[in-house]
Amino acid sequence: AYLLTSRARIRLSARPSASILVSRMAPVLNDPDLLSAEELEKHFGTSVSKGLTSRQAEEILARDGPNELKKPPKPTLFMLFVLQLTGFVIVLLLVAAVASIAVNATGPNKEDILSYTTGKAIFVIVILNAGIAAWTEHKAGDALEALSKMTQASIYVLR
């Protein structure tokens, strides 16, 4: 059994004669917020007042890469179109179009091309609607990306 404190992990032994083993948790891997500024300075080999040297900053940049969030991949126009077709109401409309065509194909007027008009109309309108919605969402994403580029945050820190 382990007892977790803010600074140490204490292993409790079932044997009364055994001593309590106190081991330092891996500070940076678990929670660096629990460490004091002096402990962080010692662990990273830096100074709060002087910051990192240029050499240290270059080494960290080469090892860890730039300090920026990774952007998720932008969905393609085709993916947006497919996502438009997955809505509950859209699926119901597609099922209704297929059902209308199936009923007319098995009915007495199956040779009459005009009997399929309702099913075809529903299908065309649903596809057209999905295309317009996907195009609008694609353009909105482009506009949002342009706005985010215009409002880049500038932060100055002591490294």
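Values in this document were obtained by computation on a predicted structure and should not be read as measured data.

Novice: If you had to explain the overall build of the protein chain to someone new, which residues and values would you point to?
Specialist: Across its full length, the protein chain carries 6 helices and 3 strands. For the protein chain, the N- to C-terminal ordering of α and β elements is β-β-β-α-α-α-α-α-α. In the protein chain, the share of contacts with a sequence separation of at least 24, taken over all contacts with a separation of at least 6, comes to 45%. Looking at the protein chain as shown, the accessible area adds up to about 13100 Å², and 65% of this sits on carbon and sulfur atoms.

Novice: Which residues make up the pattern of salt bridges, and what values go with them?
Specialist: Where side chains of opposite charge bring their charged atoms close, a pairing between them can arise. Following the criterion strictly, the structure yields 3 salt bridges and no others. Arg55 serves as the salt-bridge partner of Glu59, at 3.4 Å between the closest nitrogen and oxygen. Within this pair, Glu59 and its partner Arg55 are both found in helix α3 (residues 54-64), separated by 4 residues, close to a single helical turn. In this structure Arg55 comes out as exposed when scored by relative accessible area, which is 63%.

Novice: Mind laying out the nonpolar core, listing which residues take part and the relevant values?
Specialist: Counting residues in hydrophobic clusters, the biggest one holds 5 residues: Leu85, Ile90, Leu94, Val126 and Ala130. Of all the elements in the fold, those that place two or more residues in this core are α5 (88-106) and α6 (117-150). Discounting residues that sit within four places of it in the chain, Val126 has contacts with Leu85, Ile90, Leu93 and Leu94.

Novice: Lay out the packing of α5 against α6 in plain terms, naming residues and giving numbers.
Specialist: Remark: α5 packs on α6, axes separated minimally by 7 Å, with the N-to-C direction vectors making an angle of 155°. Relative to α6, the element α5 is oriented roughly antiparallel. Between α5 and α6 lies a crossing whose hand is left-handed. Of α6, the residues touching α5 (which contributes Ile90, Leu93, Leu94, Ala97, Ser100 and Ile101) are Thr118, Gly119, Lys120, Ile122, Phe123, Val126 and Asn129. Taken together, the residues that form the contact of α5 with α6 break down as 8 nonpolar, 4 polar and 1 charged.

Novice: Talk me through the side chain of Ser100; I want residue IDs and the actual numbers.
Specialist: Inspection of the secondary structure puts Ser100 in helix α5. For Ser100, a relative accessible area of 16% translates into the label buried. Once residues within four sequence positions are removed from consideration, Ser100 is found in contact with Thr118 and Gly119.

Novice: Explain the packing of helix α4 (residues 77-84) against α6 to me, and be specific about the residues and the numbers.
Specialist: Two numbers describe how α4 lies on α6: the axes approach to 8 Å, and their chain directions differ by 130°. Relative to α6, α4 is oriented oblique. Crossing of α4 over α6 shows right-handed handedness. Only Ile127, Ala130, Gly131, Ala133, Ala134, Trp135, Glu137 and His138 of α6 make contact with α4, whose side of the interface consists of Leu77, Leu80, Phe81 and Gln84. Split by residue class, the contact of α4 with α6 holds 8 nonpolar, 3 polar and 1 charged.

Novice: Help me get a handle on α3, residues and values and all.
Specialist: Across the 11 residues of α3, 1 count as buried, placing the element largely on the outside. In the stretch just after α3, Gly65 is the one whose phi turns positive, near 85°.

Novice: Could you give an account of α6, with specific residues and numbers?
Specialist: What sets the pattern is the α-helix's 3.6 residues per turn: residues three or four places apart point alike. The end-to-end C-alpha separation of α6 is 49 Å, in line with the 50 Å expected for 34 residues at 1.5 Å each. All of the buried residues along α6 are Gly119, Val126, Ala130, Ala134 and His138. Summarising the contacts, the buried residues of α6 are in contact with α4 and α5.

What counts as what
Residues numbered from 1 in each chain as written. Predicted model: local features only at pLDDT ≥ 70, side-chain atom pairs only at ≥ 80, totals over all residues. Heavy atoms only, no water. Helix = DSSP H or I, 4+ residues; strand = E, 2+ residues; numbered from the N terminus. Contact = heavy atoms within 4.5 Å. Areas by Shrake-Rupley, 256 points an atom, 1.4 Å probe, with all protein chains shown as cover. Salt bridge = Lys/Arg side-chain N within 4 Å of Asp/Glu carboxyl O. Buried < 20%, exposed > 50% of the residue type's maximum accessible area, 1.4 Å probe, protein only. Core = buried A, V, L, I, M, F, W, Y, C linked by side-chain atoms within 4.5 Å. Axes fitted to C-alpha atoms, helices over the stretch in contact; angles between N-to-C directions. Parallel < 35°, antiparallel > 145°, perpendicular 65-115°, else oblique. Left-handed = near helix turned anticlockwise from the far one by under 90°. Nonpolar A, V, L, I, M, F, W, Y, C, P; charged D, E, K, R; others polar. Expected span 1.5 Å × (residues − 1).

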